[in-house]
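# A closer look at the structure
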Amino acid sequence: MHRRHPRRMPYWVATACLPLALLAASPAAAEWASAPEKFGVHPTWIYTPRGTLPGLGKRGLLVVLHGCAQTHDQLKEGGNIAAAAEKYGLVAALPYVTPEDGVGVSLTAASLGCWDYDGTMDLHGHAAFVADLAQKLAARATLNIDRDRIYVVGLSSGGALALKAACAAPDVFSGVGSIAGPSVGSDQLKAVFEVPERTVEDSVAACRKLAGSKLPFLATQIANIAFGTMDKDGWQQAPLCTGVGHPGQNCVSSVKWSIDDVKVLQEVYAAREAGCSVPVQGGKGREATVMGGRNVRIGILTIPNVGHAWPAGATTSADAASGEYIAHAGLNYPMYISGWLTTYSLRGVPLSGGRRSVPQGTAACASSGS
């Protein structure tokens, strides 16, 4: 686990032999594709930005996984993803769990369109599908994707699958973001209604087993764990609070999943304890940072006034007031996570104007009051 990340060909060497026309390949305008593209049984919305990653001339890739009872259409229309993808030069891919894909897996998956993420329910190979989707898109010359900057994020079952895919394919995913995602190897049927039963040690072992021979790549992977403070209490069986105020205030899953996710990643990444938290986006959220040496390895994002939901922030979409489990006010998660992942990504050359580490014992942290 402590071996150095396998060497990659430097970016300038790899691109020197490519035709100039290929390096310049780019659509005329930023836009969502005219229709979802099918990858297996998964219709997938793809957004291609005009720009590229700062100073690199290539794009990153952000795979976004919806939660149960959500659709990729809802995230496309009300999730506020395009603006963040455009700002940070990321191709965004939003796949969907179709009803036919869920049949035969479980009542939950079949009726609510959940991604399958645990050891017994991933019967359709969803973790393998997510990695395959990323690799197929990265292979498209017209998208001009930097393979060192491929990320996967998700909410709830999508967050759990993002964590599993990151463990199973750390060579593909250099970063992962999970909102209220149950830990790797957890029991999918119990995740919503019970506090975690699986121990941190079990989840650490499950992640390492999934990585197998690709374990060294975990040494340069980063992760961000987020949860809304209105979700269910991690130490009590609080009643569900669906339908309170707006869809983003639903209380569904124990926040202890996210707390355990951080502990799992600290072991997997060999990262030390988290420091104090600081406000982000003008106090719409708070972030604590876990360092590994001088590098940022884990971010812990808490979002007030949001429950079990995709925190979209303010949107201008005509459909902004709809969409299951989407919070349309407060923190803008797509903008936050796109900036966090591209800033602290440990693979490839550093971005122009970016940073990979934060000074230890900074004044900002010391004066945060936390």
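Heads up: these notes are all about the structure in this document. Predicted model, so just to flag it, every value in this text is computed and none were measured.

## Overview of the overall build of the protein chain
Each helix and strand in the protein chain was counted, giving twelve helices and 13 strands. Every one of the 370 residues in the protein chain was classed for burial, and the buried ones make up 56%. Sequence separation of at least 24 residues holds for 69% of the intrachain contacts in the protein chain that already meet a minimum separation of 6.

## Here's the deal with helix α8 (residues 157–168)
Spanning twelve residues, α8 covers 16 Å between terminal C-alpha atoms, matching the ideal 16 Å at 1.5 Å per step. Counting buried residues along α8, eleven of its twelve residues qualify, which places the element largely inside the surrounding structure.

## Section: the packing of aromatic side chains
Scanning the entire structure with this criterion turns up five aromatic pairs. Seen from their ring centres, Trp-115 and Phe-129 are 6.2 Å apart, and the 15° between their planes marks the pair as stacked. Placement of the pair is Trp-115 in the loop between α6 (107–112) and α7 (126–138) and Phe-129 in helix α7, with a sequence separation of 14 residues. Residue class for Phe-129 comes out buried when judged on its relative accessible area of 11%. Grouping aromatic residues by their ring pairs yields a cluster made of Trp-310, Tyr-333 and Tyr-336. Directly above the aromatic system of Trp-45 lies the positively charged group of Lys-76, at a separation of 4.4 Å from the ring centroid.

## Comments concerning the environment of Gln-281
Looking at where Gln-281 falls in the secondary structure, it is placed in the loop between β9 (274–280) and β10 (285–292). By relative accessible area, which is 31% here, Gln-281 ends up partly exposed. Between the C-alpha atom of Gln-281 and that of Met-335, which follows or precedes it by 54 residues, the distance is 9.6 Å. Excluding residues within four positions of it along the chain, Gln-281 makes contact with Leu-331, Asn-332, Met-335 and Tyr-336. For Gln-281, the side chain forms a polar contact with the main-chain nitrogen of Asn-332, separated by 2.8 Å.

## Some points on the pattern of salt bridges
For the structure on display, the rule yields seven salt bridges. Note that Arg-140 and Glu-37 form a salt bridge whose closest N and O atoms lie 2.3 Å from each other. Pair noted here: Arg-140 is in the loop between α7 and β6 (145–155) and Glu-37 is in strand β2 (residues 37–39), with a separation of 103 residues, a long-range link. With relative accessibility at 29%, the residue Arg-140 sits in the partly exposed group. Linking Arg-50 and Glu-86 is a salt bridge whose minimum nitrogen-to-oxygen distance equals 3.9 Å. Here Glu-86 lies in helix α4 (residues 81–88) and Arg-50 lies in the loop between β3 (42–48) and β4 (59–65), a separation of 36 residues in the sequence.

## Examining the state of the cysteines
Simply put, the disulfide is a covalent bond whose two ends are the sulfur atoms of two cysteines. With the rule as written, the count across this model stands at two disulfides. There is a disulfide in this structure between Cys-68 and Cys-114, and the S-S distance comes to 1.9 Å. Taking the sign of the S-S torsion, 130° for the link of Cys-68 and Cys-114, the bridge is right-handed. Within this pair, whereas Cys-68 is found in the loop between β4 and α3 (72–78), its partner Cys-114 is found in the loop between α6 and α7, the two being separated by 46 residues in sequence. Like Cys-68, the residue Cys-114 is buried in the burial classification.

## Let's talk about the packing of α7 against α8
When two helices pack together, you describe them by how their axes are tilted relative to each other and by the distance separating the axes. At a closest axis distance of 9 Å, the pairing of α7 and α8 adopts a crossing angle of 70°. Relative to α8, the element α7 lies roughly perpendicular. Contacts between α7 and α8 involve His-126, Ala-127 and Val-130 from the first element and Leu-161, Lys-164 and Ala-165 from the second. Among the residues making up the contact of α7 with α8, the classes are represented as four nonpolar, one polar and one charged.

## What to know about α7
Owing to its 3.6 residues per turn, the α-helix brings residues three or four apart onto one side. With 13 residues, α7 extends 18 Å between its outermost C-alpha atoms, agreeing within 8% with the 18 Å of an ideal straight helix rising 1.5 Å per residue. Looking at α7, one finds that the buried residues are His-126, Ala-127, Phe-129, Val-130, Ala-131, Leu-133, Ala-134, Leu-137 and Ala-138.

## Quick word on the nonpolar core
Judged by nonpolar contacts, the single largest core of 55 residues is most densely connected at Leu-61, Val-130, Leu-137, Phe-173 and Tyr-269. Per-element tally for this core: the top contributor is α7, with eight residues. Here Leu-137 is in contact with Phe-39, Ile-46, Leu-61, Ala-93, Leu-143 and Ile-145, once residues within four sequence places are set aside. Leu-53, Ile-303, Tyr-325 and Met-335 belong to the second-largest nonpolar core, a separate cluster that totals 45 residues.

## Remarks on the pairing of β6
Residues in a regular strand point their side chains to alternate faces of the sheet. For β6, the tally of buried residues reaches ten of eleven residues, placing the bulk of the element in the interior. Here β4 pairs with β6 via six bridges, running parallel. Among the inter-strand pairings, Leu-61 is bridged to a residue of β6, identified as Ile-150. Here β6 pairs with strand β7 (residues 175–179) via five bridges, running parallel. What sits directly across from Val-153, in β7, is Gly-177. Since β6 and β7 lie parallel, the crossover through α8 that links them has a hand, and here it is right-handed.

Thresholds, definitions, all that
Residues numbered from 1 in each chain as written. Predicted model: local features only at pLDDT ≥ 70, side-chain atom pairs only at ≥ 80, totals over all residues. Heavy atoms only, no water. Helix = DSSP H or I, 4+ residues; strand = E, 2+ residues; numbered from the N terminus. Buried < 20%, exposed > 50% of the residue type's maximum accessible area, 1.4 Å probe, protein only. Contact = heavy atoms within 4.5 Å. Expected span 1.5 Å × (residues − 1). Phe/Tyr/Trp six-rings, centres within 6.5 Å; stacked < 30°, edge-to-face > 60°. Lys NZ or Arg CZ within 6 Å of the ring centre and 35° of its normal. Polar contact = N/O pair within 3.5 Å; in protein donor to acceptor, adjacent residues only side chain to side chain. Salt bridge = Lys/Arg side-chain N within 4 Å of Asp/Glu carboxyl O. Disulfide = S-S within 2.5 Å. Axes fitted to C-alpha atoms, helices over the stretch in contact; angles between N-to-C directions. Parallel < 35°, antiparallel > 145°, perpendicular 65-115°, else oblique. Nonpolar A, V, L, I, M, F, W, Y, C, P; charged D, E, K, R; others polar. Core = buried A, V, L, I, M, F, W, Y, C linked by side-chain atoms within 4.5 Å. Pairing = 2+ DSSP bridges. Right-handed = clockwise from strand over helix to strand, strands pointing away.

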